[in-house]
Amino acid sequence: MKPDISAIGNWLMSWLQEDGAIYGFHNHSVWGSNPYRWADFTSGHSTWASPMMAALSRIAAEQGDSELKDQVLQMIRFQTSRFQEDGQYKHIGFQVGEMLNQGLIHNMMPNVALGLTAIYGSSWLPVEALTSIRTAILRNMNACDAIYPFKKTRNISNQEYCRLWGKLLFQSAFPDSPWSGDIQTDLNFMIEHFHVSGIPDQDCEATYRYLGDSTIVEPAEYYGLMIAPLVLAYEMFGDPKYLNHAGALCRHVARCAWNDHRGQKRLHRMWLRSGTEWRKMNGPMLIAGMGMTLYGIARYVEHQQEEELTLILKECDETYAHYQTPRGYFASATGWHNEADIAPSSAWHAHDFYYLLHRHGLVEHMADQLRKPYHGMSVLLGEQCMWVEDGEHWAINDYYWQDVHKLIGRKDEAVFGRDTGWVGGERALPSHFLFPNQPIFVKTDEGIYLKADRTAAQEIEVSSIAAVPYLGLWE
């Protein structure tokens, strides 16, 4: 049992703009925040979504689809030309929106994605595209090395490893890396100062989240950013210690995983130190967004077969499949009991798409399937609200006689807002935002019902992660 990879890719393509930007409601299903919670109301591009570009570059290379190649070239042009004056990329805010214009990780993720895009596209990308990738990575890396100097700021483990991953990929893609003499020294520093063994047992290693802070280790969803560069370093330099440490990180993730109340394998949240002992927290925790951690484990397994790691990859395939909607997107999380559980983030889903493509490969005519028009309304029911989308329209709506969210947006707009049409005035969104045919659901003690006639109900695909069952029409 595995998820439909073409379906999630098709859904992601519905957020892709002509200029190469990837729009979305950028819900951070680990921290529980999104631009709505920060009163920013941005649904434009996020650099965190950039792995989608690498995935499409691979599909274009393997299937030779000219239209998809043009799309990838436009995505490259977008990502390699949007800079702030200080050399950081634009559109880095993710779950905080455009108010956030700094942060090492939001700069490093697109460098990783650009490096992977160049490697996958080496057989077909024109020289000017490869040159623009090289120039952009150099400009951004040099800027970030100055703004966020290694070992001199409040270093965060996954962010520093992601910086090194980007440099390793650059060295793989281009012959003239300026960092080739420093990478191993920096990797060795990370291993010495961030890795901690014994969580949950001596065969495992975690990484402290912050340099010098021994009270917290990284949440599970970030471990791919540590594992993948260690595996790549082993491949490039031949030193087995990099692979050994990668394996210890993989076992940490696998042995800390848990089964939720639906019997699905899930990644844990984090460990916190209390006195002399470490205490694990399982949730609230993401479902969509496991991709890079699982990618790291899959890369390690390519070199070292370990049954428990092979098993967790299989079990997480089943988790993805269980929580995938017919439209293709996954439920985001469980445990928040608000929009963080049900609102799918294209930024996180891009990581899942990249990983699942790596794990399972392409299906025949995948490029065509990504472009296939989708007809029908999709609904994902949660505990206190629901995600609804139909064509370009999307909404986070409330159950009947509740009025908490009432958010509406469009997939082709860089902003969204609260539906205040009934109030009127200057805060009301333009008329093309209106989503008049949103279905109405009633939540009762025994279950959830749809208020609609049978003809309308047949056009709505309903999925649910609510505790009470969906019981069909309210009659």
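Details of the structure are given in the entry above.
What comes next concerns the included structure. All of these numbers come straight from a predicted model, not from anything done at the bench.

Here the focus is the overall build of the chain. Within the chain, the regular secondary structure consists of 15 helices and 17 strands. The globule rule puts the C-alpha radius of gyration for 475 residues at 23 Å, and the 22 Å found for the chain is close to it. The contacts in the chain between residues at least 6 apart in sequence include a share of 66% that link residues at least 24 apart. Within the structure as shown, the chain displays about 18300 Å² of accessible surface, and the carbon and sulfur contribution to it stands at 49%. Across the chain, the 39 positively charged side chains and the 56 negatively charged ones have centroids separated by 3 Å.

This part covers the packing of aromatic side chains. What the rule picks out here adds up to 23 aromatic pairs. A centroid spacing of 5.6 Å and a plane angle of 85 degrees characterise the contact between Trp 48 and Trp 348, whose relative ring orientation is edge-to-face. Of the two residues, Trp 48 is situated in the loop between helix 1 (5-13) and helix 2 (51-63) and Trp 348 in helix 13 (residues 346-360); the sequence distance between them amounts to 300 residues. Across this residue pair, the class does not change: Trp 48 and Trp 348 are buried. Among the aromatic side chains, those forming a connected cluster through ring pairs are Phe 25, Tyr 36, Phe 41, Trp 387, Trp 394 and Phe 416. The side chain of Arg 139 reaches across the aromatic face of Phe 83, ending 4.1 Å from its centre.

A word on the sheet that holds strand 12 (residues 407-410). Here we have six strands laid out as an open sheet, ordered 13-12-11-10-9-16, and mixed in their pairing. Of all strands in the sheet, those bounded by a partner on one side alone are strand 13 (416-418) and strand 16 (460-464). On average, adjacent strands in this sheet sit at an angle of 15 degrees to one another, irrespective of strand direction.

Leu 56, Ile 297 and Trp 387 are the most contacted members of the largest nonpolar core, which has 137 residues in total. Every residue in contact with Leu 56, bar those within four places of it in the chain, is listed here: Met 13, Leu 16, Leu 68, Val 72, Met 75, Phe 353 and Leu 370.

With burial as the criterion, each face of strand 12 is covered, one bearing Leu 407 and Gly 409 and the other bearing Ile 408 and Arg 410. Bridge count for strand 11 (residues 393-398) against strand 12 is four bridges, and the pairing is antiparallel. Residue His 393 lies in a different strand from strand 12, and its bridge partner there is Arg 410. Note: strand 12 against strand 13, three bridges, orientation antiparallel.

All right, on to the packing of helix 7 (residues 183-194) against helix 8 (residues 224-237) then. Helix-helix packing: each pair is described by the crossing angle between the helix axes and the interaxial distance. At a minimum axis distance of 12 Å, the contact between helix 7 and helix 8 shows a crossing angle of 140 degrees. Looking at the two axes, helix 7 sits oblique to helix 8. The hand of the helix 7/helix 8 crossing is left-handed. On helix 8, the residues that touch Ile 183, Gln 184, Leu 187 and Ile 191 of helix 7 are Leu 230, Ala 233 and Phe 237. Looking at the contact of helix 7 with helix 8, its residues break down into six nonpolar, one polar and no charged.

Judged by how many residues are buried, helix 10 (residues 291-301) sits mostly within the fold: eleven of eleven residues are covered. Among all positions of helix 10, only Gly 291, Met 292, Thr 293, Leu 294, Tyr 295, Gly 296, Ile 297, Ala 298, Arg 299, Tyr 300 and Val 301 are buried. Close packing links the buried residues of helix 10 with helix 2, helix 6 (157-173), helix 8, helix 9 (240-256), helix 11 (307-322) and helix 13.

Another aspect to go through is a nonpolar patch on the surface. Together, Tyr 400, Trp 401 and Ile 440 make up a nonpolar patch on the protein surface, roughly 390 Å² of accessible area in all. Take Trp 401: it is sitting in the loop between strand 11 and strand 12. You can call Trp 401 exposed: its relative accessible area is 75%.

Read across the open sheet, the three strands follow the order 14-15-17; overall the sheet is mixed. Only two strands of the sheet have a single neighbouring strand rather than two, namely strand 14 (440-443) and strand 17 (470-473). Within the sheet, the average angular offset between the axes of one strand and its neighbour, ignoring direction, is 25 degrees. Where strand 14 lies against strand 15 (residues 448-451), four bridges are found, and the strand directions are antiparallel. In the strand pairing of strand 15, Ile 440 is matched with Lys 451.

In this structure the tally under the stated criterion is zero disulfides. Here Cys 144 is not disulfide-linked; the sulfur of Cys 162 is the nearest cysteine sulfur, at 11 Å. We classify Cys 144 as buried; its relative accessible area is 0%. Cysteine Cys 256 shares no disulfide, and the gap to the nearest cysteine sulfur, in Cys 204, comes to 6.7 Å. Judged by relative accessible area, Cys 256 falls into the buried class, the value being 0%.

Now for the packing of helix 11 against helix 13. The N-to-C vectors of helix 11 and helix 13 enclose an angle of 130 degrees; their axes lie 13 Å apart at closest approach. In terms of axis orientation, helix 11 runs oblique to helix 13. Viewed along their axes, helix 11 and helix 13 form a crossing whose handedness is left-handed. Residues Leu 313, Lys 314, Asp 317 and Tyr 320 of helix 11 form the contact with helix 13, whose participating residues are Asp 352, Tyr 355, Leu 356, Arg 359 and His 360.

The rules behind these values
Residues numbered from 1 in each chain as written. Predicted model: local features only at pLDDT ≥ 70, side-chain atom pairs only at ≥ 80, totals over all residues. Heavy atoms only, no water. Helix = DSSP H or I, 4+ residues; strand = E, 2+ residues; numbered from the N terminus. Rg over C-alpha atoms; globule rule 2.2 N^0.38 Å. Contact = heavy atoms within 4.5 Å. Areas by Shrake-Rupley, 256 points an atom, 1.4 Å probe, with all protein chains shown as cover. Lys, Arg positive; Asp, Glu negative; His and termini not counted. Charge placed at Lys NZ, Arg CZ, Asp CG, Glu CD. Phe/Tyr/Trp six-rings, centres within 6.5 Å; stacked < 30°, edge-to-face > 60°. Buried < 20%, exposed > 50% of the residue type's maximum accessible area, 1.4 Å probe, protein only. Lys NZ or Arg CZ within 6 Å of the ring centre and 35° of its normal. Pairing = 2+ DSSP bridges. Axes fitted to C-alpha atoms, helices over the stretch in contact; angles between N-to-C directions. Core = buried A, V, L, I, M, F, W, Y, C linked by side-chain atoms within 4.5 Å. Parallel < 35°, antiparallel > 145°, perpendicular 65-115°, else oblique. Left-handed = near helix turned anticlockwise from the far one by under 90°. Nonpolar A, V, L, I, M, F, W, Y, C, P; charged D, E, K, R; others polar. Patch = residues over 30% accessible without salt bridge, like charges linked within 9 Å, V, L, I, M, F, W, Y side chains within 5 Å. Salt bridge = Lys/Arg side-chain N within 4 Å of Asp/Glu carboxyl O. Disulfide = S-S within 2.5 Å.

Read these as spatial facts, not as claims about activity.
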